[in-house]
Amino acid sequence: AGAVLAIAWRQVNDPPTPPSALAPDVPAALEALCLRLLQKRPQDRPGYADTVAAALARHLELPAATRPSAPAFLYRPQLFGRRATLARAAERVRDAKAGRGGIVLVTGKGGVGKTRLVVEAAAAASAHNVQVLSGACMGVDARREADVRAGPFHPLAALFTTLADACRAEPAMAERLLGVRGRVLAEYAPELADTVALAHLPPLPALSPRAARDRALDAVRDTVLALAAVDPLLLVLDDLQWADELTMEFLARLADADLEGHRLLVLGTWRSEETTAALDALASQPAVETLRLTRLDRRAVSDMVRDMLALDEVPDALASFVYERSDGNPFFVAEYLRSAATEAVLTRDEDGRWRIQLPADAGDGGPGGLGAVPQPRSIGELLRRRVAGLGDGAARALRLAAVLGREFDGEALAATADLDEAQCLGALQELSAREIIEEGRGDRLRFVHDRL
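What counts and how
Residues numbered from 1 in each chain as written. Predicted model: local features only at pLDDT ≥ 70, side-chain atom pairs only at ≥ 80, totals over all residues. Heavy atoms only, no water. Helix = DSSP H or I, 4+ residues; strand = E, 2+ residues; numbered from the N terminus. Buried < 20%, exposed > 50% of the residue type's maximum accessible area, 1.4 Å probe, protein only. Contact = heavy atoms within 4.5 Å. Areas by Shrake-Rupley, 256 points an atom, 1.4 Å probe, with all protein chains shown as cover. Pairing = 2+ DSSP bridges. Axes fitted to C-alpha atoms, helices over the stretch in contact; angles between N-to-C directions. Parallel < 35°, antiparallel > 145°, perpendicular 65-115°, else oblique. Left-handed = near helix turned anticlockwise from the far one by under 90°. Nonpolar A, V, L, I, M, F, W, Y, C, P; charged D, E, K, R; others polar. Expected span 1.5 Å × (residues − 1). Core = buried A, V, L, I, M, F, W, Y, C linked by side-chain atoms within 4.5 Å. pLDDT = per-residue confidence, 0-100. Salt bridge = Lys/Arg side-chain N within 4 Å of Asp/Glu carboxyl O.

### Let's talk about the overall build of the protein chain
Assigned secondary structure in the protein chain consists of 19 helices and ten strands. Each of the 452 residues in the protein chain was classed as buried or not, and the buried ones make up 43%. When contacts within the protein chain are restricted to residue pairs at least 6 apart in sequence, those whose partners lie at least 24 apart make up 71%. Of the roughly 23400 Å² of accessible surface on the protein chain, 53% is carried by carbon and sulfur atoms.

### Overview of the sheet that holds strand β8 (residues 407-409)
Paired through their backbone hydrogen bonds, the strands of a sheet run either parallel or antiparallel. Judged by pairing direction, the sheet is antiparallel, and its three strands sit side by side in the order β8-β10-β9 without closing on themselves. At either end of the open sheet lies a strand with only one pairing partner, and these are β8 and β9 (437-439). Pairs of neighbouring strands in the sheet enclose a mean axial angle of 35°, with direction left out of account. Examined bridge by bridge, β8 and strand β10 (residues 444-447) share three bridges and lie antiparallel to one another. From the neighbouring strand, D409 faces β10, where its bridge partner is R444. Set on the sheet, helix α18 (residues 410-417) makes contact with β8 and β10; between it and β8 the angle comes to about 70°.

### What about the packing of helix α5 (residues 83-97) against helix α6 (residues 114-127)?
Between α5 and α6, whose axes approach to 10 Å, the crossing angle comes to 40°. Viewed along their axes, α5 and α6 adopt a mutual orientation that is oblique. In this structure, the crossing between α5 and α6 has a hand that is right-handed. Residues T85, L86, A89 and V93 of α5 pack against L117, E120, A121 and A125 of α6. Broken down by class, the residue content of the contact of α5 with α6 amounts to six nonpolar, one polar and one charged.

### Quick look at helix α13 (residues 298-309)
Spanning twelve residues, α13 covers 17 Å between terminal C-alpha atoms, matching the ideal 16 Å at 1.5 Å per step. Summarising burial for α13: nine of the twelve residues are buried, a large majority. Those residues of α13 not exposed but buried are A300, V301, S302, D303, M304, V305, D307, M308 and L309. Positive phi appears at A310, one or two residues downstream of α13, with a value of about 55°.

### As for the nonpolar core
One finds L156, L240, F250 and L264 to be the most contacted residues of the largest nonpolar core, which totals 48 residues. For this core, the element with the highest residue contribution is helix α10 (residues 209-230), accounting for nine residues. In contact with L156, other than residues within four places in its own chain, are V220, L235, L237 and F250. In this structure, F80, A300, M304 and L337 belong to the second largest nonpolar core, which totals 26 residues.

### Observations concerning the confidence of the model for the protein chain
Considering every residue of the protein chain, the mean pLDDT works out to 84; 87% of them sit at 70 or more. Mean pLDDT per element in the protein chain: strand β7 (residues 354-356) is the minimum at 73, and strand β5 (residues 288-292) is the maximum at 96.

### Notes on the sheet that holds strand β1 (residues 102-108)
Spatially, five strands are ordered β2-β3-β4-β1-β5 in an open sheet, and the strand pairing comes out parallel. Each of the sheet's edge strands pairs with one partner strand only, and the pair in question is β2 (131-136) and β5. Taken over all neighbouring pairs, the strand axes of this sheet differ in orientation by 20° on average, direction set aside. The pairing of β1 with β5 spans five bridges and is classified as parallel. For T107, the partnering residue across the bridge sits in β5 and is R292.

### Thoughts on the side chain of R116
Structurally, the position occupied by R116 is in helix α6. Look at R116 and you get buried, because its relative accessible area is 18%. Each residue touching R116, except ones within four places of it in the same chain, is listed here: R76, P77, Q78 and L79.

### Concerning the environment of A28
If you trace the backbone, A28 turns up in helix α3 (residues 28-37). Classification of A28 as exposed rests on a relative accessible area of 63%. For the pair A28 and H59, spaced 31 residues apart in sequence, the C-alpha to C-alpha distance is 9.6 Å.

### Quick word on the pairing of β10
Burial of the side chains of β10 is restricted to one face: L445 and F447 are buried, whereas none of R444 and R446 on the reverse face is. Taken together, the three bridges between β9 and β10 define a ladder with antiparallel strand orientation. Each bridged residue has a counterpart across the sheet, and for E438 the counterpart in β10 is R446.

### Observations concerning the pattern of salt bridges
Working definition: two side chains of opposite charge can pair if their charged atoms are close together. Counted according to the given criterion, the structure contains 22 salt bridges. For R92, the salt bridge identified is with E289, shortest N-O distance 2.6 Å. Remark: E289 occurs in strand β5 and R92 occurs in helix α5; sequence separation between them is 197 residues. Classification of E289 as buried rests on a relative accessible area of 19%. A network of salt bridges, in which partner residues are shared, links R210, R213, D214, D218, R221, D222, E245, E249 and R253.

Below, the structure is given as structure tokens:
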């Protein structure tokens, strides 16, 4: 009761009334669970439905064999150590919305957090009514297939799909966004063919290969600018070290163009250890801004560990161990914490709270201490340890998913793996619990990281 502002203040600040104060017969364990669920800070509440289910099962005195176990999941951390870089990316998004477009490239070593940063920037842009279109370049192992690249303009697939949907929903948009360019783009994006009246467009004149290439590049550039004229546009392109030649030429043409007056921002990422001549040339253009991500400092690593484990304080031994082993790489931080959970250095109690099993001599590698956590020599070895303990069904599904791609259709996986519905669901649940597979766009699934 009371005024609205007074109630709101109490909701945020006043501890809730214990249930037993209203109903004296409420069991103590159930009251404790209710009060945990009502904690003000999210990190003080149970983080998973499984944890709540396990607590309720104990309250109901279900046999131990039927109780759900508390899985050793880690929480998704906030973005630590990147405040200034994220603020700069957000500033460039605001500039683009105001008509001061441009190209921003984010670079750093694999696992340093480039994709996470642009995801955060894209979420902020979307919240401010900027349309966001994203695409990822398909990975190629340069050590084995140095000359192999994916199809032309492949990271712009989402862009072409958006164009097709807009033209179908409002036929007048076809003329505004595409015009005579529709026939050119339809050669690279078949979904556009049925959205424009190709029969009424003049046939494309025969050109030399170089001239035809220029025509395609101009068509893509002008169409992107036309789409940005309708609504401010953030175009996110991930892993540009694997981009095809036409995509890189398209970006070079955008950099050559004067984007002042256009509501377009291109936000791209690439791995600094896998740079290409085309990327170096693009980054050197005056119109292109490059943001470089370096390793996290010790404080940021400690904050990340605290967030992933939902702890108030991180023991110095654990913070030092993770910092030294990970070398400040966020991806390595997460992987070493998972290794610590696998080796039972980190365990969760029945209430879902993490417990760190560190003896007094944890630094000397004694039994049960941090020394029990293996020190892989490479990120590949670290990831192989993560998948080594998978069940047969999950391992088979995982091998086939890797062939289907970074992002794939779950039904296609089930059919290819020759698993029935229950087996496929179990395999996917296991892969999700191991944080190998996660939900992607729509009904699709995706690998958590391309290195997996």
